[in-house]
Amino acid sequence: MRAAVAAAAAGLLGAAAAAAAKLALGARPLRGAGGWLPVLLRVGCIGLVCACNAVMWTVFAKALRLSSSSATASVTTTASNFISSAILGKLLFGETWTPVWWVGLAMTLCGLFLLHTAAPRPAPLPAEKKEM
């Protein structure tokens, strides 16, 4: 369970880094703000991108270490990033969610459910070699 939480947190941090990058490098300047404020906000967002990425890689490495499979950690991180990016896009940038997006979300959640509830299969033991 701790591996899944760490993987989900890594995905959220990755989405936060992407949102900060869009804020830092976006074409929309601050309306009515002049002087150094827009520059300072952009520099702050670039710093946030670096910080989020550094913490994201640390948390993802922890998820890989705690997980029974690197595929589980990777898929959980990717799904968390997908969902978090959509939510942040809606909140920060007013992006819309189409019905196709909802179908994709449902399929992603079903896949995560199957991945995390399936019983792990033990690895087969290698057959002993007969000496001649």
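Residues numbered from 1 in each chain as written. Predicted model: local features only at pLDDT ≥ 70, side-chain atom pairs only at ≥ 80, totals over all residues. Heavy atoms only, no water.

Caption draft 1: Spatial organisation of the overall build of the protein. A tally of helices and strands in the protein yields four helices and zero strands. Helices and strands in the protein line up, N terminus first, as α-α-α-α. When burial is assessed residue by residue, the protein has 25% of its 132 residues classed as buried. In the protein, 71% of the contacts between residues at least 6 apart in sequence involve partners at least 24 apart. Entry remark: accessible area of the protein is about 9,500 Å², with carbon and sulfur atoms responsible for 71%. (Helix = DSSP H or I, 4+ residues; strand = E, 2+ residues; numbered from the N terminus. Buried < 20%, exposed > 50% of the residue type's maximum accessible area, 1.4 Å probe, protein only. Contact = heavy atoms within 4.5 Å. Areas by Shrake-Rupley, 256 points an atom, 1.4 Å probe, with all protein chains shown as cover.)

Caption draft 2: Quick peek at the packing of helix α1 (residues 2-25) against helix α2 (residues 37-66). Running from amino to carboxyl end, α1 crosses α2 at an angle of 160 degrees, the nearest separation of the two axes being 8 Å. Here α1 is positioned roughly antiparallel relative to α2, judged by the angle of their axes. Crossing angle aside, the handedness with which α1 passes α2 is left-handed. The residue inventory of the contact of α1 with α2, partitioned by class, reads 24 nonpolar, two polar and three charged. (Axes fitted to C-alpha atoms, helices over the stretch in contact; angles between N-to-C directions. Parallel < 35°, antiparallel > 145°, perpendicular 65-115°, else oblique. Left-handed = near helix turned anticlockwise from the far one by under 90°. Nonpolar A, V, L, I, M, F, W, Y, C, P; charged D, E, K, R; others polar.)

Caption draft 3: Quick look at the environment of Ala-15. Among the secondary structure elements, Ala-15 is positioned in helix α1. The spacing of Ala-15 and Thr-78 is 63 residues in sequence and 9.9 Å in space, taken between C-alpha atoms. Beyond its immediate stretch of four places on either side in the chain, Ala-15 contacts Asn-81, Ser-84, Ser-85 and Leu-88.

Caption draft 4: Quick look at a nonpolar patch on the surface. On the surface, a nonpolar cluster with roughly 380 Å² of combined accessible area is contributed by Leu-23, Ile-87, Leu-91 and Leu-92. Structurally, Leu-91 is set in helix α3 (residues 70-93). (Patch = residues over 30% accessible without salt bridge, like charges linked within 9 Å, V, L, I, M, F, W, Y side chains within 5 Å. Salt bridge = Lys/Arg side-chain N within 4 Å of Asp/Glu carboxyl O.)

Caption draft 5: Representation of the environment of Lys-22 in the model. Mapped onto the secondary structure, Lys-22 falls in helix α1. Between the C-alpha atom of Lys-22 and that of Gly-89, which follows or precedes it by 67 residues, the distance is 9.9 Å.

Caption draft 6: Layout of the side chain of Ser-84. On the secondary structure map, Ser-84 appears in helix α3. What makes Ser-84 buried here is its relative accessible area of 11%. Not counting chain neighbours up to four residues away, the residues in contact with Ser-84 comprise Gly-11, Leu-12 and Ala-15.

Caption draft 7: Broad picture of the packing of aromatic side chains. Under the definition given, this model contains five aromatic pairs. Residues Trp-97 and Trp-101 carry aromatic rings whose centres are separated by 4.8 Å and whose planes lie at 10 degrees to one another, so their mutual orientation is stacked. Clustering of aromatic rings is evident, with ring pairs tying together Phe-82, Trp-97, Trp-101 and Trp-102. Directly above the ring of Phe-93 sits Lys-22, whose terminal nitrogen or CZ lies 4.5 Å from the centroid. Taking the ring centre of Trp-97 as reference, the NZ or CZ of Lys-90 above it sits at 5.4 Å. (Phe/Tyr/Trp six-rings, centres within 6.5 Å; stacked < 30°, edge-to-face > 60°. Lys NZ or Arg CZ within 6 Å of the ring centre and 35° of its normal.)

Caption draft 8: Highlighting α3. With 24 residues, α3 extends 33 Å from end C-alpha to end C-alpha; this agrees with the ideal 34 Å at 1.5 Å per step. Close packing links the buried residues of α3 with α1, α2 and α4 (99-117). If you check the start of α3, you find a side-chain oxygen 3.1 Å away from the backbone N of Ala-71, and it comes from Ser-69. Within two residues after α3, Gly-94 carries a phi angle of roughly 70 degrees, on the positive side. (Expected span 1.5 Å × (residues − 1). Polar contact = N/O pair within 3.5 Å; in protein donor to acceptor, adjacent residues only side chain to side chain.)

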